[in-house]
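# Chain and residue survey
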Amino acid sequence: MQSGSTQGGRFEIPGAVSCGAGEGGLPCARLTAAEAEAEICLLGATVTRYDAGGRKVLFCSETSKFASGKAIRGGVPVIFPWFGPHPTDAALPQHGFARTSEWLVTEARRTGDGDVVVVLELTASDATRALWPHDFLLRYTVSVGSRLMLTLEVVNRSGEPFQFTEAFHTYLAVSDVRNIRITGLENTEYADKVAGMARKRLPHAPLTLFGETDRVFVNTAAACTLHDPEYGDIHVSKSGSRSTVVWNPWDKADSMADLGGGQWPGFVCIETANALENAVTLAAGASHRMTAIIDPHE
Ligand code: TA6
């Protein structure tokens, strides 16, 4: 994999973007906007922290690894070019290779309204082609302000169409996952991964969690709202996405080295995705954009 680099601070902006070593000594970019701060680890272009209005919006496991080639357990891992297990080869890494690759910072700017934007890129390499035989460019735009806006652009640089699935695997910090509600997915079909991928439909009621929950909602462009009685609401809107994934492993997490210690009540994943039948087929030379807007103020 190409080596991640903030390119020696070439993209630093005093008071807005600083680059240096973060957790585990990994290169990261720190963004300071008018109303928020964020940190992006170049390993996987993973937004590991987003604090807005004094609220820690993202969950990051206290026992996450921060080591080259290892997925970070928290924040917003970028999932590409397959969501979940590889469709035909179980030996390949779950959730593809984008989240364990070293990305490059290619742009940084402050906008007129005080937001801070950083662009990161990942291009095909011998290492990625060994896992997925296509030429591509990923251009990931992270915009930090009173809300966090993420846009992943996939460019097909090969001579033939290719199909991919993708997700922003967003870990939202919650007071207690047993006390939250999620609205926006009412009457929506989903594949229930804790019931052998059985197809079900959520009734006309908010989604509440009572145990391990792993659902891929399909054919939905709807925004969701996380209602947390203690921390307040978080609104997750999206474009270019037809799937939404909701996950919490419940106490199964206690057997996960990078999520143990009773941390599981402290997050829920609401993931903006294109998965299962919502896979994207991209023509040669074409590009596709998926955007999520995570707003803790609505
Ligand atoms: O997004 C939900 C999910 O697909 C779950 O099935 C669970 O595997 C989760 O992702 C975490 O996957 P990871 O490979 O990061 O442990």
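Residues numbered from 1 in each chain as written. Predicted model: local features only at pLDDT ≥ 70, side-chain atom pairs only at ≥ 80, totals over all residues. Heavy atoms only, no water.

### Some thoughts on the overall build of the protein
In terms of regular secondary structure, the protein is built from one helix and 23 strands. For the protein, whose C-alpha radius of gyration is 18 Å, the value lies close to the compact-globule estimate of 19 Å for 298 residues. Each of the three principal axes of the protein carries a C-alpha extent, and together these read 50 × 45 × 35 Å. Here the protein holds 298 residues, and 57% of them are scored as buried. Restricting to contacts in the protein with at least 6 residues of sequence separation, those with at least 24 account for 63%. Counting every atom, the protein has about 11600 Å² of accessible surface; 49% of that belongs to carbon and sulfur. Side chains of the protein give 26 positive and 34 negative charges; the mean places of these two sets differ by 2 Å. (Helix = DSSP H or I, 4+ residues; strand = E, 2+ residues; numbered from the N terminus. Rg over C-alpha atoms; globule rule 2.2 N^0.38 Å. Buried < 20%, exposed > 50% of the residue type's maximum accessible area, 1.4 Å probe, protein only. Contact = heavy atoms within 4.5 Å. Areas by Shrake-Rupley, 256 points an atom, 1.4 Å probe, with all protein chains shown as cover. Lys, Arg positive; Asp, Glu negative; His and termini not counted. Charge placed at Lys NZ, Arg CZ, Asp CG, Glu CD.)

### Points about the environment of Ala-273
In this fold, Ala-273 is placed in strand β21 (residues 267-274). Between the C-alpha atoms of Ala-273 and Val-218, which are 55 residues apart in sequence, the distance is 9.2 Å. Excluding residues that lie within four positions of it along the chain, Ala-273 makes contacts with Glu-166, Ala-167, Ser-241, Arg-242, Ser-243, Val-245 and Met-290.

### With respect to the pattern of salt bridges
This model, assessed by the stated rule, comprises 17 salt bridges. With its nearest N and O atoms 3.1 Å apart, the salt bridge here joins Arg-289 to Glu-153. In this pair, Arg-289 is assigned in strand β23 (residues 287-295) and Glu-153 in strand β10 (residues 148-156), connecting sequence segments 136 residues apart. Each of Arg-30, Glu-37, Glu-39, Arg-49 and Asp-51 takes part in salt bridges that share partners, so that together they form one network. (Salt bridge = Lys/Arg side-chain N within 4 Å of Asp/Glu carboxyl O.)

### Considering the sheet that holds strand β4 (residues 46-52)
Spatial ordering of the open sheet is given by β1-β2-β3-β4-β5, a layout of five strands whose pairing is antiparallel. Across the chains shown, the open sheet's two edge strands, defined by having one partner strand only, are β1 (17-21) and β5 (55-56). In the sheet, strand β2 (residues 27-32) pairs with strand β3 (residues 36-41) via five bridges, with the strands oriented antiparallel. Note that in β3 the partner of Ala-29 across the bridge is Ile-40. (Pairing = 2+ DSSP bridges.)

### Notes on the packing of aromatic side chains
This structure, assessed with the given rule, holds 18 aromatic pairs. The interplanar angle of 35 degrees and the centroid separation of 4.8 Å between the aromatic rings of Trp-250 and Trp-264 together place this pair among those described as tilted. Of this pair, Trp-250 sits in the loop between β20 (243-248) and β21 while Trp-264 sits in the loop between β20 and β21, and the two are 14 residues apart along the sequence. Neither residue differs from the other here; Trp-250 and Trp-264 are each classed as buried. By way of ring pairs, the aromatic residues Phe-80, Trp-82, Phe-97, Trp-132, Phe-136, Phe-162 and Phe-164 are connected into one cluster. (Phe/Tyr/Trp six-rings, centres within 6.5 Å; stacked < 30°, edge-to-face > 60°.)

### Here we look at the state of the cysteines
Enumeration over the complete set of coordinates arrives at zero disulfides. Summary of cysteine pairing: Cys-28 is not part of a disulfide, and the nearest cysteine sulfur, belonging to Cys-41, is at 6.6 Å. With a relative accessible area of 1%, Cys-28 lands in the buried category. A disulfide-free cysteine, Cys-60 has its sulfur positioned 9.2 Å from the sulfur of Cys-41, the nearest such atom. (Disulfide = S-S within 2.5 Å.)

### Regarding the nonpolar core
Of all hydrophobic cores here, the largest spans 78 residues; its most connected members are Trp-103, Leu-120, Tyr-140, Ile-182 and Val-268. Here this core takes five residues from strand β9 (residues 136-144), the largest share from any one element. Residues in contact with Ile-182, not counting those within four places in the same chain, are Pro-206, Leu-207, Leu-209, Cys-224, Thr-225, Leu-226, Val-246, Val-268 and Ile-270. Formed by nine residues, the second largest nonpolar core is a distinct cluster that contains Ile-79, Ala-167, Val-245 and Ala-275. (Core = buried A, V, L, I, M, F, W, Y, C linked by side-chain atoms within 4.5 Å.)

### Overview of unusual backbone geometry
Each neighbour pair has its own omega, and for Phe-80 with Pro-81 the value is 0 degrees, a cis peptide bond. Relative to the helices and strands, Pro-81 resides in the loop between β6 (78-79) and β7 (104-110). Here the phi dihedral of Asn-187 falls at roughly 60 degrees; this positive angle occurs in a residue that is not glycine. Relative to the assigned elements, Asn-187 resides in the loop between β14 (181-183) and β15 (189-192). With a relative accessible area of 40%, Asn-187 lands in the partly exposed category.

### Overview of the site of the ligand
Every residue close to the ligand is listed here: Arg-73, Phe-83, Gln-94, His-95, Arg-99, His-169, Lys-193, Asp-214, Val-245, Trp-247 and Glu-271. One of the side-chain N or O atoms of His-95 is found 2.9 Å from an oxygen atom in the ligand. The separation between an oxygen atom of the ligand and a polar side-chain atom of Lys-193 is 3.0 Å. Within the complex, 85% of the 390 Å² of free accessible area of the ligand lies under protein. Class assignment for the residues of the shell around the ligand results in three nonpolar, three polar and five charged. (Near = heavy atom within 4 Å. Polar contact = N/O pair within 3.5 Å; in protein donor to acceptor, adjacent residues only side chain to side chain. Nonpolar A, V, L, I, M, F, W, Y, C, P; charged D, E, K, R; others polar.)

In short, shape yes, function no, at least from these values alone.
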